[in-house]
Amino acid sequence: MINNDAREASWGERNVERRTRRRWALAGAGVATSIVFGLAGQYVTSVGRFVAPVSDAADAGSLLWAVGLILAAAILFRLIWREIDEVQRRRLVNAAAVGGVASMALLLLAQAAGRMLPFAEPMMAVFVGAAAALISAIIFQRIRG
């Protein structure tokens, strides 16, 4: 016979296991979303032809692809936000601020140097630079403690 004390003693462990499973599921969903949208990028033109056969197919497909990616990222971000504690939220807000400032600075540099540098897509360079700044800020805060 199991008494109530034994059941209550494992309550915290069960919650930690449940939280860990949810976090791994969210991480898996993020990886799956990245893979799906990464592979779907090569099919944007055919999707665009189906949706808007009159206009330029690549533009319509790219717009649908970008809207879908933003919606998927927003849903995943909301689910992750609910799972993390206030310390992790503060770190994420700080990192987003660093990424935003880096984005603004890189956007000005890309505009000014866009004609001199051989970048086919300068906005992608801005995006990658801002994402690198955001990830660096997260890593720096985690290492610093």
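First things first, this report covers the structure right here in the doc. (Residues numbered from 1 in each chain as written. Predicted model: local features only at pLDDT ≥ 70, side-chain atom pairs only at ≥ 80, totals over all residues. Heavy atoms only, no water.)

**Concerning the overall build of the chain**
Helix and strand content of the chain: six helices and zero strands. Secondary structure elements in the chain, listed N-terminal to C-terminal, are α-α-α-α-α-α. In the chain, which comprises 145 residues, the proportion classed as buried is 16%. Counting only contacts in the chain whose residues sit at least 6 apart along the sequence, the fraction spanning at least 24 positions is 58%. When the accessible surface of the chain is split by element, carbon and sulfur atoms take 68% of a total near 11200 Å². (Helix = DSSP H or I, 4+ residues; strand = E, 2+ residues; numbered from the N terminus. Buried < 20%, exposed > 50% of the residue type's maximum accessible area, 1.4 Å probe, protein only. Contact = heavy atoms within 4.5 Å. Areas by Shrake-Rupley, 256 points an atom, 1.4 Å probe, with all protein chains shown as cover.)

**So, the layout of surface pockets**
The space that makes up the largest pocket amounts to roughly 1300 Å³. At the level of elements, helix 2 (11-40), helix 4 (57-83), helix 5 (86-113) and helix 6 (122-144) are the ones that each hand at least two residues to the lining of the largest pocket. No other element matches helix 4, which puts ten residues into the lining of the largest pocket. Its residues assigned to classes, the lining of the largest pocket shows 21 nonpolar, five polar and four charged. (1 Å grid on protein atoms, 1.4 Å probe; cavity = no way out; pocket = protein on both sides within 12 Å on 5 of 7 lines; lining within 4 Å. Points joined across faces, edges and corners; volume = space filled by probe spheres on them. Nonpolar A, V, L, I, M, F, W, Y, C, P; charged D, E, K, R; others polar.)

**Describing helix 2**
Helix length check: helix 2, at 30 residues, gives a terminal C-alpha distance of 43 Å against a target of 44 Å (1.5 Å per residue), a fit within 8%. Turning to helix 2, its buried residues number three or more, namely Leu-26, Thr-33 and Phe-37. (Expected span 1.5 Å × (residues − 1).)

**Re the pattern of salt bridges**
Using the criterion set out here, one finds one salt bridge in the structure. In this structure, Arg-22 and Glu-83 form a salt bridge, with 2.9 Å as the shortest nitrogen-oxygen distance. Here Arg-22 is found in helix 2, whereas its partner Glu-83 is found in helix 4, with 61 residues between them in sequence. By relative accessible area, which is 17% here, Glu-83 ends up buried. (Salt bridge = Lys/Arg side-chain N within 4 Å of Asp/Glu carboxyl O.)

**Quick notes on the side chain of Gln-141**
Topologically, Gln-141 is positioned in helix 6. At a separation of 3.3 Å, a polar atom in the side chain of Gln-141 contacts the side chain of Asn-94. If sequence neighbours within four positions are ignored, Gln-141 has contacts with Arg-90, Arg-91, Asn-94 and Ala-95. (Polar contact = N/O pair within 3.5 Å; in protein donor to acceptor, adjacent residues only side chain to side chain.)

**Focus on the environment of Thr-33**
Tracing the backbone through its elements, the reader meets Thr-33 in helix 2. Since its relative accessible area comes to 19%, Thr-33 is described here as buried. Sequence-wise, Thr-33 and Leu-76 are 43 residues apart; in three dimensions their C-alpha atoms are separated by 9.2 Å. In this view, Thr-33 contacts Ala-72 and Leu-76; residues no more than four positions away in its chain are not counted.

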